[in-house]
Amino acid sequence: MSEDKNKNLNNIRGDQVTVDESTGSITSDYLSSAKIVLKKLNNVSKCMCLAKWYYSSINLTTGKTQSCYHPPAHDILANELVTNSSALHNTKYKKNQRAKMLKGERPAECQYCWNIEDAGDGEQLSDRAYRSADFFSEDLLQEAIDFGAEGNPSPRFLEIVFSNHCNLKCSYCSPHQSTAWYEDVSKNGPYRLHDHAHNDLRGLAWLGLLPSPEKTKKYVEAFWAWWPELYKELKHLKISGGEPLLDENTYKVFDYVLQNPKKDLQLMLMSNCNPPQALWDKFLKQIKEMAKQNSFDHFMLFYSLDAWGNKAAYVRNGLKFSESLHNVKEFLESTEKTSVTVTSTFNIFSVFSFKEFLEGILELRQKYSTDRQKIWIDFPTLGAPDWLSIKILPKEYAAVIKEGIEFVESNLETQDTRFKGFKDFELEKIKTIYSQMISNEESDKTKKLRKDFTKFFNEQDKRSGNNLLNVFPNMKEFISQIEAQEKL
Ligand code: SF4
């Protein structure tokens, strides 16, 4: 192997690998370090997760927070904010969950991780390992122990939502997260499923989820009051939405970062990459300027995409797939110190578009990942709504994932295809999806969920002028199975 190749293999931060010289295979340090971090967490308690202390997801439109995006969001109480501006993150509720972890009790809200840790042979790594590894250090683990349950740690990873303004109406989204959804159900009413109304504004209002301009203003002000203090320790900042490129606070953060460079900052934005052209151009201009001024260490664009081509557009109602892909390519070609993570919130449609998705990723990597990894992928599995989850598929459909596994295995990254192929930890995540799917059981609940699936998409097709089977002809057999079941 040439010296140049060695340099590329070993010197890319965030993408370090270990080479087995005898076989030529490579192992990502990301995977092995997540395994090491898990052992260290387990030494504190089998339920310990640093995300509960240092990872915060805050939605300023609903006034709710989560320790990562898996547990249900809980309320940020206005009275807690009066004496503690970090109560946007360090809520009393979250402190109780930390206490459970320290005592070795599994917080019920983290069931997403416990399901993965308990599935199959019990060897699967959950996000407890990956999220903690994102910012792990021995000192930070000790700091969390010293803070205990009651302290007020400053997040190292913050995901923030300023607004629910969005131009898309993704199938699994809802009116409190997307104004396009809000407009649809305001005009056409909720979706009638087998025993309830889905995305019903009255229900969402009753749950306190519907944003109001006054409520949002109050939380956005609390955020900007906390921001200068918070910014000092922050290592990862991710702006989500809605579509964050439609909101002025996004550009205000970029301006702040430009004025207050932070050399260790990982700045991130979750986008559908399909906003009006003028906003896309404004965004690109700011990223280029920040990179030129060394205002951050790295900028990661998270491209939300659960399927490929017209199949992606079907799931993400309103998406112009070609435009969004064109924008992503423009971003890859014209910006420095940046990369793209394609986030596939893995749902039933992802299964029926899996091969095309993997081929699309491979093509992007082969074109753009020349001397470092510029295209990443992630596969969080969709939990809600459950009638869109992979759990409703008969276990035979796991065969599609198996084919995907074989495709990934035959295109794994090697010394000679560095940055071009798939990574071992990506393969692990796909195998976890496979383990989940072969555990799918037939039950009355599954049958009801399948009924909801067809009810929802029949109605959505009516409202949008789409046709499920025209876009997904490969779902014909599954839909026929549901129809046959309903006749019984
Ligand atoms: S859901 Fe998992 S990653 Fe998130 S806080 Fe709980 S244990 Fe940690």
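Note that the structure is predicted; figures quoted are calculated from it, not measured.

Regarding the overall build of the protein chain
A count of helices and strands for the protein chain gives 22 helices and 15 strands. Radius of gyration (C-alpha) of the protein chain: 22 Å, near the 23 Å computed for a compact globule of 488 residues. C-alpha extents for the protein chain along the principal axes are approximately 60 × 60 × 50 Å. Contacts spanning at least 24 positions in sequence make up 75% of the contacts within the protein chain whose residues lie at least 6 apart. Accessible surface computed for the protein chain: about 21300 Å², of which carbon and sulfur atoms make up 50%. Between the averaged position of the 64 positive side-chain charges in the protein chain and that of its 67 negative side-chain charges there is a distance of 3 Å.

Let's talk about the pairing of strand β6 (residues 157-161)
Summarising burial for β6: 5 of the 5 residues are buried, a large majority. The alternating pattern of β6 places Phe157, Glu159 and Val161 and Leu158 and Ile160 on opposite faces, both of which are buried. Taken together, the 5 bridges between strand β3 (residues 55-59) and β6 define a ladder with parallel strand orientation. Paired with Asn59 across the bridge in β6 is Val161. As judged from the 5 bridges shared by β6 and strand β10 (residues 236-240), these two strands associate in the parallel manner. For Phe157, the partnering residue across the bridge sits in β10 and is His236.

Side note on the sheet that holds strand β14 (residues 338-343)
Strand order in the open sheet formed by 9 strands is β5-β4-β3-β6-β10-β11-β12-β14-β15, and the pairing between neighbours is mixed. The outermost strands of the open sheet, each flanked by one partner alone, are β5 (74-75) and β15 (375-378). Strands β12 (298-304), β14 and β15 of the sheet are contacted by helix α15 (residues 321-334), whose axis makes an angle of about 165° with β12.

Brief notes about the packing of aromatic side chains
Inspection of every chain in the model, using the stated rule, returns 42 aromatic pairs. Each ring, one from Tyr191 and one from Phe456, has its centre 4.7 Å from the other, and the planes form 25°; the classification is stacked. Of this pair, Tyr191 sits in strand β8 (residues 191-192) while Phe456 sits in helix α20 (residues 444-464), placing them 265 residues apart in sequence. Of the two residues, Tyr191 and Phe456, both sit in the buried class. Plain terms: the ring middles of Phe346 and Phe354 are 5.3 Å apart, the flat faces sit at 90° to each other, and that makes the pair edge-to-face.

Concerning the site of the ligand
As a matter of local geometry, the ligand sits amid Cys49, Ala51, Lys52, Ser67, Cys68, His70, Pro71, Cys110, Cys113, Asp127, Arg128 and Arg131. Elements supplying a minimum of two residues to the shell around the ligand: α3 (51-54) and α7 (127-133). With 3 residues, α7 is the single largest residue contributor to the shell around the ligand. Class assignment of the residues belonging to the shell around the ligand gives a composition of 6 nonpolar, 2 polar and 4 charged.

A word on the packing of helix α13 (residues 277-292) against α15
Helix-helix packing: each pair is described by the crossing angle between the helix axes and the interaxial distance. Following both chains from N to C, one finds α13 and α15 inclined at 20°, their axes separated by 11 Å at the closest point. By the angle class used here, α13 and α15 are roughly parallel. The two elements α13 and α15 meet at a crossing, and its hand is right-handed. Contact residues: α13 offers Gln277, Trp280, Phe283, Leu284, Ile287 and Lys288, while α15 offers Asn327, Val328, Glu330, Phe331 and Ser334. Its residues assigned to classes, the contact of α13 with α15 comprises 6 nonpolar, 3 polar and 2 charged.

A few points about unusual backbone geometry
Following Gly241, the chain continues to Gly242 via a peptide bond in cis, the omega torsion being 20°. Mapped onto the elements of the fold, Gly242 is located in the loop between β10 and α12 (248-259). Here Ala384 and Pro385 are connected by a cis peptide whose omega angle stands at 0°. You can see Pro385 is positioned in the loop between β15 and α18 (398-409). Look at Asn294: it is not a glycine, yet its phi comes out positive at around 55°. By the element assignment, Asn294 lies in the loop between α13 and β12. Of the residues examined, Asn294 reaches a relative accessible area of 36% and is grouped as partly exposed. With a phi angle near 55°, Lys337 is a residue other than glycine that sits in the positive phi range. Here Lys337 lies in the loop between α15 and β14. Relative accessible area serves as the criterion here: at 25%, Lys337 is assigned to the partly exposed category.

Re the domain arrangement of the protein chain
Structurally, the protein chain comprises domain 1 (45-53 + 66-148), domain 2 (160-445) and domain 3 (446-488). Using only C-alpha atoms to locate each centre, domain 1 and domain 2 end up separated by 22 Å. With 14 residues of domain 1 in contact, the opposing surface of domain 2 contributes 14 residues. Both sides together, the interface formed by domain 1 and domain 2 hides about 1200 Å², and carbon and sulfur atoms give 64% of it. The interface formed by domain 1 and domain 2 contains 0 salt bridges. At the junction of domain 1 with domain 2, the criterion picks out 3 residue pairs in polar contact (both at pLDDT 80 or more). Secondary-structure elements contributing two or more residues to the side of domain 1 that touches domain 2 are α4 (78-83) and α6 (111-118). Residue classes in the side of domain 1 that touches domain 2 are distributed as 9 nonpolar, 4 polar and 1 charged.

Some thoughts on α18
A rise of 1.5 Å per residue sets the reference length of α18, with its 12 residues, at 16 Å; its end C-alpha atoms lie 16 Å apart and thus fit the reference within 8%. All of the buried residues in α18 are Ala398, Ile401, Gly404, Ile405, Phe407 and Val408. Considered in projection along α18, the buried side chains sweep an arc of 165° and stay on one side of the axis. If you follow the buried residues of α18, they end up packed against α16 (348-351), α17 (354-368) and α19 (424-438).

About the cut-offs
- Residues numbered from 1 in each chain as written.
- Predicted model: local features only at pLDDT ≥ 70, side-chain atom pairs only at ≥ 80, totals over all residues.
- Heavy atoms only, no water.
- Helix = DSSP H or I, 4+ residues; strand = E, 2+ residues; numbered from the N terminus.
- Rg over C-alpha atoms; globule rule 2.2 N^0.38 Å.
- Contact = heavy atoms within 4.5 Å.
- Areas by Shrake-Rupley, 256 points an atom, 1.4 Å probe, with all protein chains shown as cover.
- Lys, Arg positive; Asp, Glu negative; His and termini not counted.
- Charge placed at Lys NZ, Arg CZ, Asp CG, Glu CD.
- Buried < 20%, exposed > 50% of the residue type's maximum accessible area, 1.4 Å probe, protein only.
- Pairing = 2+ DSSP bridges.
- Axes fitted to C-alpha atoms, helices over the stretch in contact; angles between N-to-C directions.
- Phe/Tyr/Trp six-rings, centres within 6.5 Å; stacked < 30°, edge-to-face > 60°.
- Near = heavy atom within 4 Å.
- Nonpolar A, V, L, I, M, F, W, Y, C, P; charged D, E, K, R; others polar.
- Parallel < 35°, antiparallel > 145°, perpendicular 65-115°, else oblique.
- Left-handed = near helix turned anticlockwise from the far one by under 90°.
- Domains from an automatic or database assignment.
- Buried area = accessible area lost by both parts, 1.4 Å probe.
- Salt bridge = Lys/Arg side-chain N within 4 Å of Asp/Glu carboxyl O.
- Polar contact = N/O pair within 3.5 Å; in protein donor to acceptor, adjacent residues only side chain to side chain.
- Expected span 1.5 Å × (residues − 1).
- Arc of directions from axis to C-beta.

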